[in-house]
Number of protein chains: 2
Amino acid sequence: MKLYSYFRSSASYRVRIALNVKGLPYEYVPIHLVREGGEQLKPAYRQVNPDAIVPTFVDDEAHTIQQSLAIIEYLEETHPEPPLLPKSPADRAHVRSLALQVACEIHPLNNLRVLKYLKHSVRVDDATKDAWYRHWIESGFATLEQRLAGDARTGKLSYGDTPTIADLCLVPQVYNANRFKIDTTRYPTIQRINDYALTLDAFARAEPGVQPDSE
Amino acid sequence: MKLYSYFRSSASYRVRIALNVKGLPYEYVPIHLVREGGEQLKPAYRQVNPDAIVPTFVDDEAHTIQQSLAIIEYLEETHPEPPLLPKSPADRAHVRSLALQVACEIHPLNNLRVLKYLKHSVRVDDATKDAWYRHWIESGFATLEQRLAGDARTGKLSYGDTPTIADLCLVPQVYNANRFKIDTTRYPTIQRINDYALTLDAFARAEPGVQPDSE
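Residues numbered from 1 in each chain as written. Chains lettered and ligands numbered in written order. Predicted model: local features only at pLDDT ≥ 70, side-chain atom pairs only at ≥ 80, totals over all residues. Heavy atoms only, no water.

1. Concerning the pattern of salt bridges
Following the criterion strictly, the structure yields 29 salt bridges over all chains and no others. Between A:R205 and A:D201 there is a salt bridge, with the nearest N and O atoms lying 2.8 Å from each other. Members of the salt-bridge network, linked through shared partners, are A:E73, A:E77, A:R92, A:R96, B:E73, B:E77, B:R92 and B:R96. (Salt bridge = Lys/Arg side-chain N within 4 Å of Asp/Glu carboxyl O.)

2. What about the relation of the copies chain A and chain B?
For these two chains of identical sequence, chain A goes onto chain B by a turn of 180° and a shift of 0.0 Å along the axis, with RMSD 0.0 Å. The symmetry that links the two subunits is that of a two-fold axis. Across chain A, the smallest distance between a C-alpha and the rotation axis is recorded for A:C104, namely 2.6 Å. A shared binding surface is used by both copies, with 100% of the interface residues of chain A retained as interface residues in chain B. (Least-squares fit on C-alpha atoms with pLDDT ≥ 70 in both. Contact = heavy atoms within 4.5 Å.)

3. Describing the sheet that holds strand β2 (residues 27–30) of chain B
Residues and elements named next belong to chain B. The mixed open sheet is built from four strands, whose spatial order is β2-β1-β3-β4. For this open sheet the edge positions go to β2 and β4 (63–66), each flanked by a neighbour on one side alone. Sheet twist, expressed as the average angle between the axes of neighbouring strands with direction ignored, equals 20°. Where strand β3 (residues 56–59) meets β4, four bridges bridge the pair, whose relative direction is antiparallel. Bridge pairing in β4 places F57 opposite I65. Taken strand by strand, helix α3 (residues 68–78) contacts β3 and β4, and its axis lies near 130° from that of β4. (Pairing = 2+ DSSP bridges. Helix = DSSP H or I, 4+ residues; strand = E, 2+ residues; numbered from the N terminus. Axes fitted to C-alpha atoms, helices over the stretch in contact; angles between N-to-C directions.)

4. Thoughts on the packing of helix α7 (residues 165–179) of chain A against helix α8 (residues 188–197) of chain A
Residue and element names in this part refer to chain A. Packing of α7 against α8 brings their axes to within 10 Å, and their N-to-C directions diverge by 100°. On the basis of their axis angle, the class for α7 and α8 is roughly perpendicular. On α8, the residues touching D167, L170, V171 and V174 of α7 are I190, I193, N194 and A197. Looking at the contact of α7 with α8 residue by residue, the class counts come to six nonpolar, one polar and one charged. (Parallel < 35°, antiparallel > 145°, perpendicular 65-115°, else oblique. Nonpolar A, V, L, I, M, F, W, Y, C, P; charged D, E, K, R; others polar.)

5. Quick notes on the side chain of A:D213
Residue and element names in this part refer to chain A. Counting through the fold element by element, D213 comes out in the segment after α9 (201–204). Salt bridges are absent for the buried D213, whose nearest opposite-charge side chain, R16, sits at 5.9 Å. For D213, the side chain forms a polar contact with the main-chain nitrogen of F7, separated by 3.0 Å. Of the polar contacts made by the side chain of D213, one reaches the side chain of Y28; its length is 2.7 Å. (Buried < 20%, exposed > 50% of the residue type's maximum accessible area, 1.4 Å probe, protein only. Lys, Arg positive; Asp, Glu negative; His and termini not counted. Polar contact = N/O pair within 3.5 Å; in protein donor to acceptor, adjacent residues only side chain to side chain.)

6. A word on the sheet that holds strand β3 (residues 56–59) of chain A
Residues and elements named next belong to chain A. Here we have four strands laid out as an open sheet, ordered β2-β1-β3-β4, and mixed in their pairing. Only two strands of the sheet have a single neighbouring strand rather than two, namely β2 (27–30) and β4 (63–66). Pairwise comparison of adjacent strand axes, ignoring direction, gives a mean angle of 20° for this sheet. Pairing of strand β1 (residues 2–5) with β3, which is carried by three bridges, proceeds in the antiparallel orientation. Opposite Y4, over in β3, you have T56 as the bridge partner.

7. Looking at the interface of chain A and chain B
Between chain A and chain B, the residue contacts involve 41 residues of the former and 41 residues of the latter. For the pair chain A and chain B, the two sides together bury roughly 3700 Å², of which 66% comes from carbon and sulfur. Where chain A packs against chain B, one counts eight salt bridges. Its salt-bridge partner being B:R96, residue A:E77 comes within 3.1 Å of it at the nearest N-O pair. Where chain A meets chain B, there are 14 residue pairs in polar contact (both at pLDDT 80 or more). Looking at the side of chain A that touches chain B, the elements that each hand over two or more residues are β4, α3 (68–78), α4 (89–106), α5 (112–120) and α6 (126–149) of chain A. With eleven residues, α4(A) is the largest single contributor of residues to the side of chain A that touches chain B. For the side of chain A that touches chain B, a count of residues per class yields 22 nonpolar, eleven polar and eight charged. (Buried area = accessible area lost by both parts, 1.4 Å probe.)

Quick look at the structure:
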């Protein structure tokens, strides 16, 4: 197994946690998103991932998978233990919905290429770009906090006390929020879940600061 | 079953197709995203969906599910026939990856609330807003076209000849592209799949123009 990753990419971070939870060893292939204008834009990587984003997952050279959540569902189907989704369809929907709220409503707006487009094509100043970044994290976290705080299924983690795909999306998004010095104490449930998750080995070993390409 | 929907919402459109493919009757509850500043922002709807977006799906009053892809996976698990995902994990990952490329890389950037934020907070002019909209569809479609055209699994539809979640995301995104008069002839595989899908009853009955709240 091979994972094309960038230490700071939060979508890559999600998959790193999943691989660790499942106890699957993998080869880490660093793709530097900034150096030399971005290694992801070079033809060699575009052959692997035409969308020129990380992560890309390769299983046994036979299957190349793009999109972090598609990779994670694949790992869940091919290596079911320990599970990253609950058993009942209603609870699975709940967990997927929490994950997708980060993956579809927050993260896509703060992607590197979106920030680049804002800067170079919309030509906004840095203050406007920062306000944009904060806005989508803060509005998304406010809703996520409300949903997590108001649901009896929330435990030490987003669903009960063991990791699910909801946590795999939440923790990297909190990492992004912290990088941008967003005050996460306003989201006590999110912060509590994040803090607990990072005490777990699978999450700690996936943190950006301990990756081979970390700077 | 109940679906909170807006005729033009492409995320709602995805779920309408899924319900039709599965042959499931449902109550259509219209939420007007524009009238009176947006019905989705009113407290009554925020109780149903704190994120104030459509769709929301309610199964038997017991389970409320947000996020279109979480709803569709739930329908797939609770009503497996006819399937919206292939059987093998590798092919499921391929189909999910195509769906997520639309749902995570294109659609979130062109959401109504993003366009509103661009206009009112970033204060861009209409030409810049339109260029933004086009940019994300065009760059996303270019990749999607390349992936679909270059894959032997592509048939009359995104994967073979029967509907999958990839088509459920593709067709509503083409509808958005057409609304914005984007030249989709540059994406012949996408256009061919879209045109064929719309000949199928499940897709035709989900089209925005034939919904109860259509204008």
